[in-house]
Each structure stands twice: as structure tokens, then as C-alpha cells.
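# Examining the three-dimensional arrangement
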Amino acid sequence: MGRKGQRMKKGMAVLSMLLLGAHAFAADMPAKADADKERIRSMVKEVLREYASSLSPKHLNADAKGLMQNIGQDNRNFMRTHKAGYFKPFADGQHPRATVITCADSRVHTHAFDASPDGDLFLVRNIGNQIATAEGSVEYGVDHLHTPVLLIVGHSACGAIKAASGDYSGESGPIKNELDTIQIPKGEGGIGSVVLNVHNQVKYAMGKFEQKVISGELTIVGAVYDFRDELKQGQGKLAIVNVNGESDAKKLAQLEIVQATEQAPARGRRSPY
Ligand SMILES: [Zn+2]
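## Points about the overall build of the protein
Regarding its fold elements, the protein presents 11 helices and five strands. Expressed as a percentage of contacts within the protein between residues at least 6 apart in sequence, the contacts between residues at least 24 apart total 61%. Carbon and sulfur atoms make up 56% of the accessible area of the protein, which amounts to about 17000 Å² in all.

## Looking at the sheet that holds strand 2 (residues 121-126)
On the basis of which strands lie adjacent, the open sheet formed by five strands has the order 2-1-3-4-5 and mixed pairing. Bordering the open sheet on either side are strand 2 and strand 5 (237-243), each of which pairs with just one other strand. Pairwise comparison of adjacent strand axes, ignoring direction, gives a mean angle of 25 degrees for this sheet. Alignment of strand 4 (residues 219-226) against strand 5, held across six bridges, turns out to be antiparallel. Directly across from Ala 223, in strand 5, lies its bridge partner Ile 240.

## Observations regarding the coordination of the zinc ion
Within the protein, Cys 103 (SG), His 155 (NE2) and Cys 158 (SG) serve as the donor atoms for the zinc ion, at 2.0 to 2.3 Å. The sequence pattern describing where the donors of the zinc ion fall on their chain is C-x51-H-x2-C. Separated by 55 residues along the polypeptide, Cys 103 in strand 1 (residues 98-103) and Cys 158 in the loop between strand 3 (149-155) and helix 6 (159-164) bring together distant segments of the chain. For Cys 103, a relative accessible area of 4% gives the class buried. A residue is classified by how much of its surface remains accessible, and Cys 158, at 3% relative accessible area, is buried.

## A look at the packing of aromatic side chains
Under the criterion given, the structure shown has seven aromatic pairs. These aromatic residues form a ring-pair network of at least three members: Phe 78, Tyr 86, Phe 87 and Phe 90.

## Notes on the nonpolar core
Considering soluble globular proteins, one finds that nonpolar side chains tend to be buried as a cluster. Formed by 31 residues in total, the largest nonpolar core has its most connected members in Leu 150, Ile 152 and Ile 220. Going through the elements one at a time, strand 1, strand 2, helix 5 (135-144), strand 3, helix 6, helix 8 (191-208) and strand 4 are the ones with two or more residues in this core. Broken down by element, this core gets its largest block of residues, six residues, from helix 8. Aside from chain neighbours lying at most four places away, what touches Leu 150 is Thr 99, Ile 101, Val 138, Val 142, Ala 205, Phe 209, Leu 218, Thr 219, Ile 220 and Val 221. If you look at the next biggest cluster of nonpolar residues, it comprises 15 residues, including Leu 121, Tyr 225, Phe 227 and Val 258.

## Things to note about the pattern of salt bridges
Oppositely charged side chains are able to pair whenever their charged atoms sit close together. This model, assessed by the stated rule, comprises nine salt bridges. The residue Arg 41 makes a salt bridge to Glu 38 at a minimum N-O spacing of 3.0 Å. Note that Arg 41 and Glu 38 are positioned in helix 2 (residues 34-53) at a spacing of three residues, about one turn of the helix. For the salt bridge of Lys 212 with Asp 143, the shortest nitrogen-to-oxygen distance reads 2.9 Å. A residue pair is termed long-range when its members are at least 10 positions apart, and Lys 212 in helix 9 (residues 210-214) and Asp 143 in helix 5 qualify at 69 residues. Judged by relative accessible area, which is 28%, Asp 143 ranks as partly exposed. Through salt bridges that share partners, Glu 135, Glu 139 and Lys 208 make up one connected network.

## Notes on the layout of surface pockets
The probe, sized like a water molecule, is rolled over the atoms to show the empty space still left. Approximately 200 Å³ is the volume attributed to the second largest pocket. In terms of lining, the second largest pocket is formed by 13 residues, of which the most central are Gln 233, Ile 240, Ala 249, Leu 252 and Val 258. Listing elements by their share of the lining of the second largest pocket, those giving two or more residues are strand 5, helix 10 (249-254) and helix 11 (256-262). Counting residues per element, the lining of the second largest pocket draws most heavily on strand 5, which supplies four residues. For the lining of the second largest pocket, the per-class residue count stands at eight nonpolar, three polar and two charged.

## Regarding the environment of Ile 127
Position of Ile 127 relative to the elements: it lies in the loop between strand 2 and helix 5. In this structure, the C-alpha to C-alpha distance between Ile 127 and Cys 158, residues 31 residues apart in sequence, is 8.6 Å. Beyond its immediate stretch of four places on either side in the chain, Ile 127 contacts Cys 103, Ala 104, Ala 160, Glu 178 and Leu 179.

## Concerning helix 5
Among the residues of helix 5, Val 138, Gly 141 and Val 142 are the ones counted as buried. Burial along helix 5 is one-sided: seen end-on, the buried residues are contained in an arc of 85 degrees. Facing away from the buried side of helix 5 by more than 90 degrees, the exposed set consists of Gly 136 and His 144. Positive phi appears at His 146, one or two residues downstream of helix 5, with a value of about 55 degrees.

Definitions and limits used
- Residues numbered from 1 in each chain as written.
- Predicted model: local features only at pLDDT ≥ 70, side-chain atom pairs only at ≥ 80, totals over all residues.
- Heavy atoms only, no water.
- Helix = DSSP H or I, 4+ residues; strand = E, 2+ residues; numbered from the N terminus.
- Contact = heavy atoms within 4.5 Å.
- Areas by Shrake-Rupley, 256 points an atom, 1.4 Å probe, with all protein chains shown as cover.
- Pairing = 2+ DSSP bridges.
- Axes fitted to C-alpha atoms, helices over the stretch in contact; angles between N-to-C directions.
- Donors = N, O, S within 2.8 Å, 3.2 Å for Na, K, Ca; no water.
- Buried < 20%, exposed > 50% of the residue type's maximum accessible area, 1.4 Å probe, protein only.
- Phe/Tyr/Trp six-rings, centres within 6.5 Å; stacked < 30°, edge-to-face > 60°.
- Core = buried A, V, L, I, M, F, W, Y, C linked by side-chain atoms within 4.5 Å.
- Salt bridge = Lys/Arg side-chain N within 4 Å of Asp/Glu carboxyl O.
- 1 Å grid on protein atoms, 1.4 Å probe; cavity = no way out; pocket = protein on both sides within 12 Å on 5 of 7 lines; lining within 4 Å.
- Points joined across faces, edges and corners; volume = space filled by probe spheres on them.
- Nonpolar A, V, L, I, M, F, W, Y, C, P; charged D, E, K, R; others polar.
- Arc of directions from axis to C-beta.

Next up, the structure:
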């Protein structure tokens, strides 16, 4: 019998003993405190977890196996190509320049707009790129790490925006909670609502971090990562749609921060490798 088999056998034996014990316990001491019952429940749960972890590999979904093979391979490649010098700048602490909120959508990743995010982007992700559902994380980046930029990134074809514009009453409580905070009109879940949600998030952030924005300590940038070219600025464009509450395209184009974004990258940008 292999190690897993032994562990499973042991787990089942312990489970049987616990169940027998719990049965005798309940019969002999019906008035025992709830805390003790809870303790037994948690012990049974622990044994069941142990049992689940010992299940045969044949239970592993083929897609899950393939993915984990890819993850393992990519991580080995990463370790082979990144030596101690790569980790040195951020191994002992982080000094990110931006707190970034993006949607959790699998098509949105920072490599579209930052070739070296390590130690530089304090990244918060959730459905609909919202502050309200990850407020503590955003505060941590802005108030504790003092990032000079808060970048909020919406994206084309956002499922959260589409869902929030329709009837989502059939969703689970936790999902409903994260859609309730997206304030967009019903019936319009396209790029217009994606942009509106970014504006709403910037407005929310302006209210939260007003003093930092006024003092110039923080700049809040709202953008849309447009991988479908729905804004007609080019496929894959990170289009800036709002800076500190300003959303007029002509006025935005005059801002130094927008002009800097549109220019060639600054010299001396650190390489990811
Ligand atoms: Zn999304």
C-alpha cells in the first residue's frame, strides 16, 4: 500500500473512531456545551479534508492536470531564467509606484501596459474593477505604501458590467453583493457602461482620497484596456478616460500626465530581466 493509501486508511479509521465517539458522547452527555460539539465537528471536518487530499490522482480533472503541468513548467523556466539579482530590488520590501485596480477577467493582465510590474504595481483585482469591494486593499496601497498613482482599469466586453446591467437576482449572495456596487443603467452593458463604471470608480476614489489629490500627493487615473478596439484608438490600447475627475477628451489631451503616457518610454526604464 502506498503512502496515500496508508494515509487514507488511517484517515478513515480516525473518522470511524470520531463518529463512534461523537455518537457515544451525544448519548451519554446530551447537555454538553455547544463548544464541545463544535470541537468534534471541526475534528470530523479535518479528517474529511485529510481523506479528500488522499484521493487517487484518477480523480484529477484532465484540464486541471494540464494546467498544473503548465504552471509547474513555467515556474521552473522562470526560476532558471531569473537569478538572485532579479529578486534583490524587492526581496526585502516593496515600493510600488501605482495602486492598480483591474477586473479579474482572464483577458486582462498587466503585461499589456507594464513590462516590469514586479515591485512596481500594487495590484488589486475583482469583478468590475471596483473600489467598494476591495476597499481595504486599495487603502493599503494608497495610504500605507503611498503610491503616487491610483490607476483604475476597466476593459472591453466586461462580464461584470454586462451582468450588472441586467437581472442578476438569480446569482448567489456574494456575487450579488459585488454586482450591487456597480452603478450603471439597466439594459446597457457595453463599452459605454464600462467607461461609466470607470468614471464612477474615479469619483469614489476622489471622495476617499480628496486631501491627497488636492495636495498633489496622489493622481487618480481611470482607463479602459480595449482589446476589441471598441473605442477606436487601436486594439489593445490602454485608453485614459479620466484623470482626477476630468473626463473631457480635449482637456485630458492637454494634461501632462496624459501626454507623458502617449510619448515614447522614458530612458533608463528598468528591464524586467
Ligand atoms: Zn471585467
